[in-house]
Structure formats: structure tokens, C-alpha cells
Amino acid sequence: MESNSKTIVWFRRDLRIEDNPALAAAARSGSVLPVFIWCPKEEGQFYPGRVSRWWLKQSLIHLEQSLKSLGAELVLIKAQSTLSALTECVEAVGATKVVYNHLYDPVSLVRDHNIKQKLGELGLSVQSYNGDLLNEPWEVYDDDGKVFTTFDAYWEKSLRMQNEPVSHLPPWRLTQVAGSVKMCSFEELGLENESEKSSNALLGKGWAPGWSNADKALTEFVENNLLGYSKDRLRVGGNSTSLLSPYLHFGELSVRKVFHSVRMKQILWTKEGNSVGEKSASIYLRAIGLREYSRYICFNFPFTHERSLLNNLRFFPWNADQTHFKAWRQGRTGYPLVDAGMRELWATGWVHNKIRVIVSSFFVKFLLLPWQWGMKYFWDTLLDADLESDIIGWQYISGSLPDGHELERLDNPEFQGFNYDPEGEYVRHWLPELARMPAEWIHHPWDAPFNVLKAAGVELGINYPNPLIDVDVARDRLMQAIFIMREKEAAANASDAHGTVEVVFDNSENVGDSSANPKDGVVKGKVPCPSSSSYDQRVPSMQTACTHKKRPKPEEETKKPNDNKLSYKNESKISNIDGDLCSTAESSSMKKQMTVSRNSFSVPRAITISHDRKSFEEEASSQKEEETETEVNSCKTGKTEL
Ligand SMILES: Cc1cc2nc3c(=O)[nH]c(=O)nc-3n(C[C@H](O)[C@H](O)[C@H](O)COP(=O)(O)OP(=O)(O)OC[C@H]3O[C@@H](n4cnc5c(N)ncnc54)[C@H](O)[C@@H]3O)c2cc1C
């Protein structure tokens, strides 16, 4: 042990003591200076939203107490530049080394690369570690040494790779570096402003941030709820899943520890012949795999926060309608399941995965709103807002992944309501205005007889909106948009004018006019994603935070009781759609395969597996520079279920 070495431990989203490789390495080599730097300027458009910042603040308070009890003080710095904050720390205490754990989102990849380079030029030793993943994104390749572009193949390979067991014992004592550094208080960091405090206080009733709470939550889930995960996870209300995502996002829980705890249970259940337990563990590990895959995709395709992986949406005629965007945010689309989900999201910062899929698919397929706007709104409002998972989620639903939903697939929220909320309890909870609607009509109140609506106190168009758009019209509009997209793509291919940017046209002059044909949108230029504003987010009868109400189990294949078609309320306003376009009611892997093989997308230069591991930033920068066009692997075998 080099007992006189002075190391700065730069904490970011690894807010834990246990299995923290950077902290463990620093503690082994001498005295430490744990530092957290908050630099809003560098977060850019991905400045975290209110609930996410609340979580971060609580988690930092928790970490500070843990570090203090081990003998070191967490230095908090609010800075204009992370690099200058780090160099000031180095000078103040005479440190010779800086250590940190890797991040893989597009903002951090660039920032960390620059910082590592500059600190190296100053003669400092800089070491970075894997504190967030089972396997680094540059470790998993197919047999030809190429990057995987389908989840199942990726996960199968990952599972076959040897995963290190949890090896980094928490330090039992830390030696604080001598010297003083200018630091600020938690309040001065500015993670929470005065106006946010009262709403934030509610979050504390449902959630307990902090690494030791994360540990308890994991133990409780593995011991009590993992067994039933394969069935329970389909319930959209209540705590039917592990609720570990915010802990995992902020690195309060080591993913290696999660993996090994679940894997050990699985081995035990396998020995006992408990097939339900074995299946649950396997599905849960797959969910962890999706998180790994999100980092894998972002690292290997660092453009995916801006454009689709398949690059197929670059000619899609988005309908950038601010009124529809607002109605979606406020939960006023007229589709009860979508509206309930959006109101829950706004009120609690949390929604079940299935609801995330439903509301995001509605956003893209029914409203034709640009997926990047939805992704940004999720980023602004989710408690577990995580750029990589957010990106992969939106890419998955918008036909942008070889194994995700097809762009043509249009799921009807009415049917989904009967599948995932058969009694309508979830809707009733989040839409009090529909609280007295009988289950039979709750997911399609527009079909309910007048006397049923009257008895329930529902006046459509007055206290609950009519649907923004009819399902059949939405289907036709989507097909027409895809038709236009393909025509434009073919024309561009013919003229060799390959667009690479997904351009969003502002159709706001047509706001309120549902007849606005995507084709005829008034082109005003590229519209940036409108930042969400709390001022226009007035949700009627908002519930308090984080209810963990138990729901009845859904009957998986429940059909809706009657098959009435939606009666479209604004028929006259709808454009004429080319009647030759085929139905979009079902997803078709065959169709998708054809689509996929027609489209090409940018992938980094094929990488051959190397046993000499490149440094993280070297890999990141070399791959960014050397993107080449590669044909998508068209031998897709199936779809990934998120
Ligand atoms: C459009 C969309 C946006 C999303 N945005 C986010 C986001 O910002 N942050 C986020 O953490 N998750 C996001 N997800 C993924 C998923 O919805 C959440 O991870 C999950 O609901 C968290 O609940 P849980 O911890 O109880 O999950 P569990 O079902 O208990 O799963 C365990 C863990 O596996 C990981 N996981 C599960 N499903 C996914 C998935 N589909 N993609 C990536 N990781 C997954 C999470 O880390 C989760 O904590 C998004 C999904 C969609 C469809």
C-alpha cells in the first residue's frame, strides 16, 4: 500500500460505499478526498428534472453521512467547469491521482474523455473503473467481432461471459487527505429550489433514497417478491415490480450485487424444481440485461439520443403539434389508460413499464409527435430518469430497433385497458372524473349509453375530453405517414441525397385542426424540443405521491366486452387517406424484416475482440470518429419484449 498517495475520488452516479471499485482502489492506495461536482452548464439539454434532482440530493446526504462515519468528508462543489473544479482540488491538497467510475451516456462520454486527457497532460494519474455494468460495452461482440444490434443475441452472449462476483469489499476506514478545499453546502448546490420543496416533501413518503436503503429494498424484493415476478410484473398499478430503477440509475446499488443475488436464488429454485421461481429469476435477469443493453447501444451508437438506430425515421413527416403535445402531457387525450398513466407520471414521477410503453406508443403512433420530445419529457419528469434506458425505450416503441415494435404496429389503448386494467381500478384511481364509470365502459366511455354516462356524472367534452383522434383515423394517418416516409426515402436514394438528420417540421399553424395532413405541414424549420413547463401542467384532481395500491391480477388475454368501433367526433376535420394502404392492426415480423433489410444505419467500424482492453475513453473517441455505414443484420429472429 502506497500509504502516502493522495487520491481524489470523483463521485457521479455511483453513490454507494459497497462494491464501488473507484473508492475501493483509492482507499487501498492511501488517503482520499471524496468529491461531488455539480455543474449545471455541462448537463446542457439533459439538465435533470425536479424529482430526479430531489433524489440526487437525498442520496448525496445519505452518502455524506456514510463517508463521515468511515472517516472522510464528502466535498460538494458547484462549478462552472468540472475540469477546473477538479484541478483546484488537486492543487489544494496536492493530490497525485484522480479516480472515478465509468458513465456511458452521450454527454458524459465526451466530457469524461476531455477531462481524462487534460488531467493526464497536467501529469496526474487518472484511473477509471467499471462500477455500473456486468460487462463493459466494448467487451461483448458477436462471433465476427461485430457489435450486436439485437437484444436476445447480446444477452445470450453476455450470460455466457464470466461475470466477476462482487469483489470490492467496502472500505472499513478511510483516511482523509490533509488540506482544505473550498466547498459548498447541500442547499448551495441548488438541486432543489424553494418552490419545489413542498411537492418534493411528498416524494419522501413513498421513496427512501440512499445506498443502504437500496440494499434493503433489494433484499426485500429477492426474499419476498422475486418468486412471483413473472406474473406480478404485468399489473400496472401498485408495487408489482422491484422499483429498483432509481437506485440503479444513481449507482446506489451495484448491478453485480443484484445479478448475483437473483442468480443465487435461481440456482436454489432450480435445484428444488421450482419452475415458477426459476422463470421469474430468468425474466428479472433479462430486465437487468435490458439496462445493460441500453448502455451498450448508447456507447456503440452515440447518436441514438437524436436519431433512430436504424436511421429509418429521417423522412418521417412528424406532426409537431403543440396542442396535442400539451394534451398528452396533461393526460387529456380522451383515452383513459393513456391519461391515467400521464397523470400518475406527473403526480408521482413514476409509472410501470407497460404504461411507459403504452403512453409512448400513443405519442408516436396516434399523435405522430416527434419521439425525441417524448423522450425529453420523460427525462424531465421521471424519478428514475436515465438517459440510456429512456433512449432505448423510445427507440423500441418507434420502430427504430431491429427487434423492437414495428413502426406499423398500432396498439389500441382501449384493448390494452381491458388487458392490463380489467376492472378499471387504475384508471379510476388516476382519473377521479371517471371514478363512477362501470368497468364495461371505463376504457371507452365514448361508446357508453347516455344514461350510463349520466349516472356516472361523466359529460364527455365537458369534464372528460372526447378522444383526440379516432383509432381508425389514427391508423390511416400513420400508414399515410409511413407511405410518405418511404416515398421520400426512395426519392432520396434515387438522387443519392441521403439525409441523416431526423427533421421536425413545425405544423403549429395548423394547431387545433386535425385535418392537418402531415404531408402538407407548413415547413418552418427545425423545432427544438419545447422544454416542459410546470405552468401548463395543471392536472385536475391530482393524487398524492406514490400510492402502492394492490391491483387484481389481469386476465392475460382478456378481450373487451363489446367490439364497438370508436365514433369519431371530428369526422369532417380528417384528411382523406389513401384507401389502398394496408391495415396496421397487427404487427408483422415479416414486414419488419423487409423494412429492416431495406434500411441501413451507421455503426462504428467493426471491432475485433481484443484481449488488450483499451481504455474507456480511447475506445469511445475512436469509435465516434470512425463511424462507417454498415448493413443491418437482417437475419432477425424475433422481437424483444420490453
Ligand atoms: C419509453 C420508455 C422510457 C423508459 N425510461 C426509463 C428511464 O428513464 N429510466 C429507467 O430506469 N427505465 C426506463 N424505462 C425502462 C423501464 O420502464 C423501467 O426501468 C422500469 O419500469 C423500472 O421499474 P422497476 O425498477 O420496478 O423494474 P423491474 O421490472 O423490477 O426491472 C428491474 C430493473 O431492470 C431494468 N429494466 C427493466 N426494464 C427495462 C427496460 N425496458 N429498459 C432498460 N432497463 C430496464 C431497470 O434498471 C429496473 O430497475 C423506460 C421504458 C420505456 C418503454
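Scroll up to find the structure this text is about.
Throughout this description, residue numbers start from 1 for each chain and increase along the sequence as written. Restriction of local features to residues with pLDDT of at least 70 applies here, the model being predicted, together with a cutoff of 80 or more for giving and counting side-chain atom pairs; totals for whole chains, interfaces and linings are based on all residues. Note: side-chain values were computed over all heavy atoms of the structure, leaving out hydrogens and water.

J.: Now, about the overall build of the chain: what can you tell me, with residues and values included?
T.: Elements are defined by DSSP. Helices are runs of H or I of four residues or more, strands are runs of E of two residues or more, and each kind is numbered from the N terminus. Secondary structure assignment for the chain yields 25 helices and 7 strands. Counting the 642 residues in the chain, one finds 59% classified as buried. Carbon and sulfur atoms provide 51% of the accessible area of the chain, an area that totals close to 26300 Å². Between buried and exposed lies partly exposed: a residue is buried under 20% and exposed over 50% of the maximum accessible area for its type, with that area taken using a 1.4 Å probe on protein chains only. Here the open area of atoms and residues is found with the Shrake-Rupley method and a 1.4 Å probe, where only the protein chains shown may cover a residue.

J.: Report on the pattern of salt bridges, specifying residues and quantitative values.
T.: Any two side chains of opposite charge can pair, given that their charged atoms come close. We count a salt bridge whenever a side-chain nitrogen from Lys or Arg sits within 4 Å of a carboxyl oxygen from Asp or Glu. Tallied over the entire structure, the rule returns 25 salt bridges. The residue D411 makes a salt bridge to R409 at a minimum N-O spacing of 2.9 Å. Classification of D411 by relative accessible area gives partly exposed; the value is 23%. Three or more residues joined by partner-sharing salt bridges are found here, namely K57, E187, E192, E194 and K197.

J.: Talk me through the site of the ligand; I want residue IDs and the actual numbers.
T.: Near is defined per residue: the residue qualifies when any heavy atom it owns lies within 4 Å of the molecule or strand. Contacts to the ligand come from 27 residues, most closely from Y229, T241, S242, L243 and N353. N or O atoms closer than or at 3.5 Å make up a polar contact, with two conditions inside protein: a donor-capable atom paired with an acceptor-capable one, and, for residues adjacent in sequence, both atoms drawn from side chains. A distance of 3.5 Å separates a nitrogen atom of the ligand from a polar atom in the backbone of R291. In the complex, 97% of the free accessible area of the ligand, which totals 810 Å², lies under the protein chains. When residues in the shell around the ligand are grouped by element, the largest group, 5 residues, is from helix α13 (residues 275-300). Along the lines of polarity and charge, the residues of the shell around the ligand split into 15 nonpolar, 7 polar and 5 charged. Residues are sorted three ways: Asp, Glu, Lys and Arg are charged, Ala, Val, Leu, Ile, Met, Phe, Trp, Tyr, Cys and Pro are nonpolar, and all the rest, Gly among them, are polar.

J.: Lay out helix α8 (residues 194-206) with the relevant residues and their values.
T.: At N200, α8 shows its maximal kink, close to 30°. Whether two residues are in contact is decided by their heavy atoms, any of which lying within 4.5 Å being enough. Tucked inside the fold, the buried residues of α8 contact α3 (50-70) and α15 (336-348). Fitting axes to the seven residues that end at a residue and to the seven that start at it, the angle between those axes gives the bend at that residue.

J.: Got a sec to walk through the pairing of strand β4 (residues 97-101)? Specific residues and values, please.
T.: Summarising burial for β4: 5 of the 5 residues are buried, a large majority. Because side chains alternate across β4, one face comprises the buried residues K97, V99 and N101, and the other comprises V98 and Y100, equally buried. Think of it this way: DSSP has to see at least two bridges between two strands before they count as a pair. Inspection of the sheet shows strand β1 (residues 5-11) paired to β4 by 3 bridges, in the parallel sense. Its bridge partner being in β4, T7 is matched across the sheet by K97. In this sheet, strand β5 (residues 125-129) lies alongside β4 in parallel orientation, the contact comprising 5 bridges. Looking at β5, one finds that N101 is bridged to Y129. When the strands point away from the viewer and the connection leading from the first strand across the helix to the second strand turns clockwise, the crossover is called right-handed. In this region the chain leaves β4, passes through helix α5 (residues 106-121) and returns to the parallel neighbour β5; the handedness of that crossover is right-handed.

J.: Outline the packing of helix α17 (residues 371-381) against helix α18 (residues 387-397), listing residues and values.
T.: For every element, the axis is a line fit to its C-alpha atoms; helices are fit only across the contacting stretch, and the angle between N-to-C directions ranges from 0 to 180 degrees. Look at α17 against α18: their axes get within 10 Å of each other, and the N-to-C directions meet at 145°. Judged by the sense of rotation from one axis to the other, the crossing of α17 with α18 is right-handed. Judged by residue contacts, W371, G374, M375, F378 and W379 of α17 engage L387, D390, I391, W394 and Q395 from α18. Crossings are classed by handedness, with left-handed meaning an anticlockwise turn of the near helix from the far one by less than a right angle and right-handed meaning a clockwise turn.

J.: Describe empty space enclosed by the protein, naming the residues involved and giving the relevant values.
T.: Think of a 1 Å grid over just the protein atoms. A cavity is a set of points where a 1.4 Å probe fits yet cannot get out, a pocket is an open set with protein on both sides within 12 Å along at least five of seven lines, and lining residues have an atom within 4 Å of a point. Grid points are joined across faces, edges and corners, and a volume is the space filled by probe spheres set on the points. With the rule as written, the count across this model stands at 9 cavities of 30 Å³ or more. Estimated volume of the largest cavity: approximately 350 Å³. Considering the residues around the largest cavity, the lining is formed by 26 residues, among which R13, W38, E43, L103 and R111 are closest to the centre. For the lining of the largest cavity, the elements supplying multiple residues, two or more each, are β1, β2 (30-38), α2 (40-43), α3, α5 and α18.

J.: Any details on helix α19 (residues 413-420)? Residues and values, ideally.
T.: Among the 8 residues that make up α19, 6 are buried, leaving the element largely enclosed by the rest of the structure. The inward-facing, buried residues of α19 abut α15, α16 (353-366) and α21 (439-442). For α19, the N-terminal cap is N412; the gap from its side-chain oxygen to the backbone nitrogen of E414 is 2.9 Å.

J.: Break down the packing of aromatic side chains for me, with residues and values.
T.: Any Phe, Tyr or Trp ring, taking Trp's six-membered ring, that has another such ring centre within 6.5 Å forms a pair; planes under 30 degrees apart are called stacked, those over 60 apart edge-to-face, and the others tilted. Going through the model one piece at a time under the given rule, you end up with 33 aromatic pairs. Look at W38 and Y47: their rings are 5.9 Å apart centre to centre, the planes differ by 50°, and that puts the pair in the tilted class. Relative accessible area serves as the criterion here: at 4%, W38 is assigned to the buried category. The exposure class assigned to Y47 is partly exposed, which follows from its relative accessible area of 29%. Consider the rings of W207 and W350, whose centres lie 5.4 Å apart with planes at 55°: the pair is tilted. Remark: W350 occurs in the loop between α15 and α16 and W207 occurs in the loop between α8 and α9 (211-225); sequence separation between them is 143 residues. Residue W207 shares its accessibility class with W350, and that shared class is buried. One aromatic cluster in this structure is built from F325, W328, F363, W373, Y377, F378 and W394. In this structure, R173 packs its charged tip against the face of W172, placed 5.4 Å from the ring centre. Any Lys NZ or Arg CZ that is within 6 Å of a ring centre and within 35 degrees of that ring's normal is treated as a charge sitting over the ring.

J.: So what's going on with the sheet that holds β1? Residues and values would help.
T.: Within a sheet, adjacent strands bond to each other through the backbone by hydrogen bonds, running parallel or antiparallel. The 5 strands are arranged β3-β2-β1-β4-β5 in an open sheet whose pairing can be described as parallel. Edge strands, defined here as strands with exactly one partner in the open sheet, are β3 (75-78) and β5. Between one strand axis and the next, the sheet turns through 25° on average, direction left out of account. Relative to β3, β2 runs parallel, the two being bridged by 4 bridges. Along β3, the bridge assignment pairs F36 with L76.

J.: Got a sec to walk through unusual backbone geometry? Specific residues and values, please.
T.: Even without being a glycine, L243 presents a positive backbone phi close to 55°. Mapped onto the fold, L243 is located in the loop between α10 (229-232) and α11 (245-249). Of the residues examined, L243 reaches a relative accessible area of 15% and is grouped as buried. With a phi angle near 55°, L368 is a residue other than glycine that sits in the positive phi range.

J.: Before we move on, could you go through the nonpolar core and cite the residues and values that matter?
T.: With 151 residues, the main nonpolar core has L60, Y284, F316, W328, F366, W394 and M437 as its most contacted residues. The element contributing the most residues to this core is α13, with 11 residues. When sequence neighbours within four positions are dropped, the list of residues in contact with Y284 reads F221, L226, Y229, S242, L244, V258 and V262. The nonpolar core is taken to be a set of buried Ala, Val, Leu, Ile, Met, Phe, Trp, Tyr and Cys residues, with the residues joined through side-chain atoms within 4.5 Å. Counting 22 residues, the second largest nonpolar core, distinct from the first, contains I8, L33, V90 and V93.

J.: Describe the environment of H429, naming the residues involved and giving the relevant values.
T.: Looking at the element boundaries, H429 is found in helix α20 (residues 425-430). Judged by relative accessible area, H429 falls into the buried class, the value being 13%. Note: C-alpha distance between H429 and G237 (192 residues apart in sequence) is 9.5 Å.

J.: Kindly report on the environment of S81, identifying the contributing residues and their values.
T.: Looking at where S81 falls in the secondary structure, it is placed in the loop between β3 and α4 (82-93). Taking relative accessible area as the criterion, S81 reaches 22% and is therefore assigned partly exposed. Along the chain, S81 and W38 lie 43 residues apart, while their C-alpha atoms are 9.0 Å from each other. Contact partners of S81, with chain neighbours within four places excluded, come to C39 and E42. A distance of 3.4 Å separates a polar side-chain atom of S81 from the backbone nitrogen of L83. Looking at S81, its side chain comes within polar contact range of the side chain of S84, at 2.7 Å.

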